[in-house]
Amino acid sequence: MFNTLIKTTLSAALLATAMTSFAGDLNVSKEITVNASPDTTWKMIGDFNHLDVWHPAIVSSVLTHGKTNDSRLLTLGNGATLTEKQVARDEAARSYSYAIMASPLPVADYVGTISVSAAADGKSTVTWSSSFDANGATDAEAIEVVAGIYEAGLNNLDKHFNK
């Protein structure tokens, strides 16, 4: 039991260190409250390979199972692709984090997190946040691109749950 505790603690510390080494200096966070329970909302957005179901810019998502982490290849409506790797997942907290490995977006060292939490009156709040560095664009331009992506996805969730 003591060995398991030590291994768990070390694993958590290594994961936190790995995520910190990926993260950039810029931050974006957007949220929306939807008229659905946290469990219902998590069923919609919690599947790492489900972004094409609720984000209007994503036309397909192909999941690849790795030895330690899953990755997804996302295809946008214009044919551009992004490769993302899931770096953390917490079903109890209804949250997952992912890193962009390859993308046409003007970002580097991107780590994002999508989470669902309880809100008043049986509703839920979806939060999408990230840290990254600008790459090939100004900081303001990179922030604007990422914020626009989040707003498009969250607005689509709003339309779905708040009809």
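Note that the coordinates shown come from a computational prediction; the quantities given were computed from them, not determined experimentally.

### Regarding the overall build of the protein chain
For step 1, the next point in the chain: The number of helices and strands found in the protein chain is four helices and seven strands.
For step 2, the next point in the chain: Sequence-ordered secondary structure for the protein chain, helices as α and strands as β, is α-β-α-α-β-β-β-β-β-β-α.
For step 3, the next point in the chain: The buried share of the protein chain, taken over its 163 residues, is 34%.
For step 4, the next point in the chain: Nonlocal contacts in the protein chain, meaning residues at least 24 apart in sequence, comprise 51% of its contacts between residues at least 6 apart.
For step 5, the next point in the chain: As displayed, the protein chain has an accessible area near 8800 Å², and 54% of this comes from carbon and sulfur atoms.

### A word on the pairing of strand E4 (residues 81–90)
For step 1, the next point in the chain: Here strand E3 (residues 70–76) pairs with E4 via five bridges, running antiparallel. Residue pairing across strands places Ser71 opposite Lys85, the latter belonging to E4.
For step 2, the next point in the chain: In this sheet, strand E5 (residues 95–102) lies alongside E4 in antiparallel orientation, the contact comprising seven bridges. Along E5, the bridge assignment pairs Gln86 with Tyr98.

### Describing the pattern of salt bridges
For step 1, the next point in the chain: Tallied over the full model, the rule gives four salt bridges.
For step 2, the next point in the chain: Between Asp39 and Arg94 there is a salt bridge; the shortest N-O distance is 3.0 Å. A residue pair is termed long-range when its members are at least 10 positions apart, and Asp39 in helix H2 (residues 38–45) and Arg94 in the loop between E4 and E5 qualify at 55 residues.
For step 3, the next point in the chain: For Arg94, a relative accessible area of 21% gives the class partly exposed.

### Structural notes on the nonpolar core
For step 1, the next point in the chain: Core analysis: the largest hydrophobic core is formed by 33 residues, its most contacted members being Ile45, Tyr98, Tyr110 and Leu157.
For step 2, the next point in the chain: Secondary-structure elements contributing two or more residues to this core are strand E1 (26–34), H2, helix H3 (51–54), E3, E5, strand E6 (107–118), strand E7 (124–134) and helix H4 (139–161).
For step 3, the next point in the chain: Take this core: its biggest share by element is seven residues, from H4.
For step 4, the next point in the chain: The residues touching Leu157, leaving out its near neighbours within four places in the chain, are Val34, Met44, Ile45, Trp54, Val126 and Asn162.

### Some remarks on H2
For step 1, the next point in the chain: Turning to H2, its buried residues are Pro38, Thr41, Trp42, Met44 and Ile45. Taken down its axis, H2 places every buried residue within 155 degrees of arc, on the same side.

### Details of H4
For step 1, the next point in the chain: In this model, H4 (23 residues) spans 33 Å end to end at C-alpha, consistent with the 33 Å of a helix rising 1.5 Å per residue.
For step 2, the next point in the chain: Ala142, Val146, Ala147, Tyr150, Gly153, Leu154, Leu157 and Phe161 are the residues of H4 that are buried.
For step 3, the next point in the chain: On its buried face, H4 sits against E1, H2, H3, E5, E6 and E7.

### Some thoughts on the sheet that holds strand E2 (residues 58–65)
For step 1, the next point in the chain: Pairing in this open sheet of seven strands is antiparallel, and the strands run E1-E7-E6-E5-E4-E3-E2 from one edge to the other. Looking at which strands have only one partner, the edges of the open sheet turn out to be E1 and E2. Between one strand axis and the next, the sheet turns through 20 degrees on average, direction left out of account.
For step 2, the next point in the chain: Pairing of E5 with E6 involves five bridges; the strand directions are antiparallel. If you follow Tyr96 over to E6, its bridge partner there is Ile114.
For step 3, the next point in the chain: Together, E1, E4, E5, E6 and E7 form the strand contacts of H2, whose direction differs from that of E6 by roughly 150 degrees.

Criteria and thresholds
- Residues numbered from 1 in each chain as written.
- Predicted model: local features only at pLDDT ≥ 70, side-chain atom pairs only at ≥ 80, totals over all residues.
- Heavy atoms only, no water.
- Helix = DSSP H or I, 4+ residues; strand = E, 2+ residues; numbered from the N terminus.
- Buried < 20%, exposed > 50% of the residue type's maximum accessible area, 1.4 Å probe, protein only.
- Contact = heavy atoms within 4.5 Å.
- Areas by Shrake-Rupley, 256 points an atom, 1.4 Å probe, with all protein chains shown as cover.
- Pairing = 2+ DSSP bridges.
- Salt bridge = Lys/Arg side-chain N within 4 Å of Asp/Glu carboxyl O.
- Core = buried A, V, L, I, M, F, W, Y, C linked by side-chain atoms within 4.5 Å.
- Arc of directions from axis to C-beta.
- Expected span 1.5 Å × (residues − 1).
- Axes fitted to C-alpha atoms, helices over the stretch in contact; angles between N-to-C directions.

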